[in-house]
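# An overview of the molecular structure
In case you want the letters, here they are:
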Amino acid sequence: MIGSISVSVKNKKNNYTFTLNRNITILCGDSGRGKTTLFDMIYEFNRFGKNSGASVVCNVPVIALTGDNWKEKLSNISSSVVVIDEDSQFINSHDFAKMVLKTDNYYLLITRNYLSQLPYSVEEIYEIKGNKNKKFVRVYSHIDRMYDSPSKKTLPFVPEVIIVEDSKSGYQLFSKIANELGIECISSDGKANIYNTIEKRNNKSALVVADGAAFGAEIGYVVKKQTYAPSRIAIYLPESFEWILLKSGIVCDPEEEKIENPEVDSSRFSSWERYFLDYIVEKTKDKKYLKYNKSTLADYYLTDASITKIKGVMNQINLE
């Protein structure tokens, strides 16, 4: 499926309205807020239709998936919104992750678990707010991709060390920026290692840079670490490193190319991170000086002019 999907689920006591923007959405939050009630209403509507006392309105089927024979059921579902409650333990399995990434469905996962096997966005983690009229509210908000940012008094943030998830092209660029600033750049060599890398920063003011489009499972731990030192840790989560390059205008006009709100085909891309990688590779393939390689950056991206444009995207961070 492509683009945003709006869903309305109602009965006499509850009215849920929400929009799913990507293939994986997480619904978390405290008990008693109505998460399981939402699942039950959809499940009963699937079984009994209008006789359930509920209504489900969406331009694609909305299906509550339970644990019994889930593999067989899921293999027969396509172009649908699939809703799964936290009691279904299979959502923690690698088998489930493999199936999710091969389908064109959108998934609403009701869970508070750590789902490291799924690449979901920090933008698509929600909790429920409201009494009868319930809405999804983002758990992690951002100012220019700075998540749970330091107070305005400490912005723009001045790093003493840069920690990057990437060990290839992103690390190359941020290493050059760090070298010019006379500070250290450290690769965590993967998103799962960022928390431990922050631990080893020797109390330096750390700028953390990771791919927000697939960082959803890790953000809770990193934000928790930040709360103990709000002026010493800044979390910068662009969609991906490739998104930064595209947003900077080095490759194309970001306004014309819809870099902020692209229409991503969930059957082709497991996350927006993958989409932007494919996009920049395709966009630059016939331009030798711009040709993008995930492993090694072309010299053009490391010129002073290009780096100045990239810094302009990161306008809440002082990299001068």
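Preceding this section is the structure that the text describes.
A short tour of the structure in this document, coming up. (Residues numbered from 1 in each chain as written. Predicted model: local features only at pLDDT ≥ 70, side-chain atom pairs only at ≥ 80, totals over all residues. Heavy atoms only, no water.)

## Comments concerning empty space enclosed by the protein
One pass over the full model with this rule turns up 1 cavity of 30 Å³ or more. Space inside the largest cavity adds up to approximately 40 Å³. The wall of the largest cavity is formed by Arg22, Asn23, Ile24, Pro119, Tyr120, Ser121, Ala213, Ser271 and Trp272. Broken down by class, the residue content of the lining of the largest cavity amounts to 5 nonpolar, 3 polar and 1 charged. (1 Å grid on protein atoms, 1.4 Å probe; cavity = no way out; pocket = protein on both sides within 12 Å on 5 of 7 lines; lining within 4 Å. Points joined across faces, edges and corners; volume = space filled by probe spheres on them. Nonpolar A, V, L, I, M, F, W, Y, C, P; charged D, E, K, R; others polar.)

## Examining the layout of surface pockets
One number sums up the size of the largest pocket: a volume of about 460 Å³. Considering the residues around the largest pocket, the lining is formed by 28 residues, among which Glu165, Asp166, Asp211, Glu273 and Lys294 are closest to the centre. Along the lines of polarity and charge, the residues of the lining of the largest pocket split into 12 nonpolar, 7 polar and 9 charged.

## Description of the packing of helix α4 (residues 169-181) against helix α7 (residues 241-248)
Contact pair α4 / α7: the axes reach a minimum separation of 9 Å and the direction vectors enclose 60°. In terms of axis orientation, α4 runs oblique to α7. Contacts from Ser169, Gly170, Leu173 and Phe174 in α4 reach Phe241, Glu242, Ile244 and Leu245 in α7. Among the residues forming the contact of α4 with α7, the class breakdown is 5 nonpolar, 2 polar and 1 charged. (Axes fitted to C-alpha atoms, helices over the stretch in contact; angles between N-to-C directions. Helix = DSSP H or I, 4+ residues; strand = E, 2+ residues; numbered from the N terminus. Parallel < 35°, antiparallel > 145°, perpendicular 65-115°, else oblique. Contact = heavy atoms within 4.5 Å.)

## Side note on the packing of aromatic side chains
Enumeration according to the criterion identifies 15 aromatic pairs in this entry. With a centroid separation of 5.5 Å and an interplanar angle of 70°, the aromatic rings of Phe90 and Phe96 are classed as edge-to-face. On the basis of relative accessibility, which here comes to 0%, the residue Phe96 falls in the buried class. Through pairs of rings, three or more aromatic residues link up here, namely Trp70, Phe90, Phe96 and Tyr107. The residue whose ring lies beneath Lys134 is Tyr16, and the NZ or CZ to ring-centre distance is 5.5 Å. Here the guanidinium or amino end of Arg145 rests over the ring plane of Trp243, the centre of that ring lying 4.7 Å away. (Phe/Tyr/Trp six-rings, centres within 6.5 Å; stacked < 30°, edge-to-face > 60°. Buried < 20%, exposed > 50% of the residue type's maximum accessible area, 1.4 Å probe, protein only. Lys NZ or Arg CZ within 6 Å of the ring centre and 35° of its normal.)

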